[in-house]
Amino acid sequence: AQSVTQLGSHVSVSEGALVLLRCNYSSSVPPYLFWYVQYPNQGLQLLLKYTSAATLVKGINGFEAEFKKSETSFHLTKPSAHMSDAAEYFCAVRLAGANSKLTFGKGITLSVRP
Amino acid sequence: GAVVSQHPSWVICKSGTSVKIECRSLDFQATTMFWYRQFPKQSLMLMATSNEGSKATYEQGVEKDKFLINHASLTLSTLTVTSAHPEDSSFYICSAGGQALSGYTFGSGTRLTVV
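Residues numbered from 1 in each chain as written. Chains lettered and ligands numbered in written order. Predicted model: local features only at pLDDT ≥ 70, side-chain atom pairs only at ≥ 80, totals over all residues. Heavy atoms only, no water.

**Brief notes about the overall build of chain A**
Within chain A, the regular secondary structure consists of 0 helices and 12 strands. Order of helices (α) and strands (β) in chain A, N terminus to C terminus: β-β-β-β-β-β-β-β-β-β-β-β. Rg of the C-alpha trace for chain A: 14 Å, near the compact-globule value of 13 Å for 114 residues, within the 12% margin. Along the three orthogonal principal directions, the C-alpha set of chain A runs to about 40 × 30 × 25 Å. Per-residue burial for chain A yields a buried fraction of 44% across its 114 residues. The contacts of chain A with a sequence gap of at least 6 include a subset with a gap of at least 24, amounting to 57%. Total accessible area computed for chain A in this model is approximately 5300 Å², and 55% of it derives from carbon and sulfur atoms. Both charge centroids of chain A, one from 10 positive and one from 6 negative side chains, sit 8 Å from each other. (Helix = DSSP H or I, 4+ residues; strand = E, 2+ residues; numbered from the N terminus. Rg over C-alpha atoms; globule rule 2.2 N^0.38 Å. Buried < 20%, exposed > 50% of the residue type's maximum accessible area, 1.4 Å probe, protein only. Contact = heavy atoms within 4.5 Å. Areas by Shrake-Rupley, 256 points an atom, 1.4 Å probe, with all protein chains shown as cover. Lys, Arg positive; Asp, Glu negative; His and termini not counted. Charge placed at Lys NZ, Arg CZ, Asp CG, Glu CD.)

Dropping the structure here:
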């Protein structure tokens, strides 16, 4: 079975500072990995995904993540935080294959200080 | 891009009544729909997976007679919370799968409050 671990529940950064949200995965086979963002009372929006192509993945809103097999990690970064980045972020994993189910981490709340 | 329309956005109902939540894929065919429940400040918990034209597969601990899922067409899946009670109050989100390499598309969620 596959799983993801998101350490910590809350990250606070200053506007303009680097954003780093950590995600480690466990999977017996090469996984597909995802980062989603959720704003209050809304559904999830896909930020980026890794599906066994390039290990450095660029997503929307200036976010990117790097798949590191040796570290079983898929950390999310953004060089310069913006106030609008304040939200809940979820890392998720699933197996390859059509319509396999996503397994989510517990999520991290990102706060951005002016 | 792919869009999933979920309705209603919020609903308040009396204890003992039933509530239906709809999710429609607007510009693609959703062969599979996933239904999640999310408690405040928590992650998404998968409740069930529905495939068009067949019975839904429920996760362990989810009451299939309480949470009725219907996926009668490739563009519509519904979740009915039957005989709702206050403990069923939660945020319910659907997600449609249509392409093997895509991150699934999520609906905007339904906030259910049972009073």
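**What about the pairing of strand E8 (residues 64-68) of chain A?**
Residue and element names in this part refer to chain A. Because side chains alternate across E8, one face comprises the buried residues Ala 65 and Phe 67, and the other comprises Glu 64, Glu 66 and Lys 68, none of which is buried. Here strand E7 (residues 56-58) pairs with E8 via 3 bridges, running antiparallel. The residue of E8 that forms the bridge with Leu 56 is Glu 66. Between the end of E7 and the start of E8, which pair antiparallel, lie 5 residues, with Asn 61 showing a positive phi angle near 60°. The sheet contact formed by E8 and strand E9 (residues 73-78) spans 5 bridges and is antiparallel. Within the sheet, the bridge partner assigned to Ala 65 lies in E9 and is Leu 76. Here E8 hands over to E9 after 4 residues, with Thr 72 in that stretch at a positive phi of 45°. (Pairing = 2+ DSSP bridges.)

**A few points about the nonpolar core**
Counting 26 residues, the largest nonpolar core has Leu 33, Trp 35, Leu 47, Leu 48, Phe 74, Leu 76 and Tyr 89 of chain A as its most contacted members. At the level of elements, strand E3 (19-21), strand E5 (32-38), strand E6 (44-50), E8, E9, strand E10 (87-94) and strand E12 (108-113) of chain A are the ones that each hand at least two residues to this core. Residue contributions to this core peak at 4 residues, all from E10 of chain A. In contact with Leu 76 of chain A, not counting residues within four places along its chain, are Val 19, Leu 20, Leu 21, Trp 35, Leu 47, Leu 48, Phe 63, Glu 64, Ala 65 and Tyr 89 of chain A. Counting residues in hydrophobic clusters, the runner-up holds 25 residues, among them Val 19, Cys 23, Trp 35 and Phe 67 of chain B. (Core = buried A, V, L, I, M, F, W, Y, C linked by side-chain atoms within 4.5 Å.)

**Remarks on the state of the cysteines**
All names here are of chain A. Enumeration over the complete set of coordinates arrives at 2 disulfides over all chains. There is a disulfide in this structure between Cys 23 and Cys 91, and the S-S distance comes to 2.0 Å. Measuring the twist about the S-S bond at about -65°, one finds the Cys 23-Cys 91 disulfide to be left-handed. With Cys 23 in the loop between E3 and strand E4 (24-26) and Cys 91 in strand E10, this pair connects stretches of sequence that are 68 residues apart. As far as the burial class goes, Cys 23 and Cys 91 line up, both buried. (Disulfide = S-S within 2.5 Å.)

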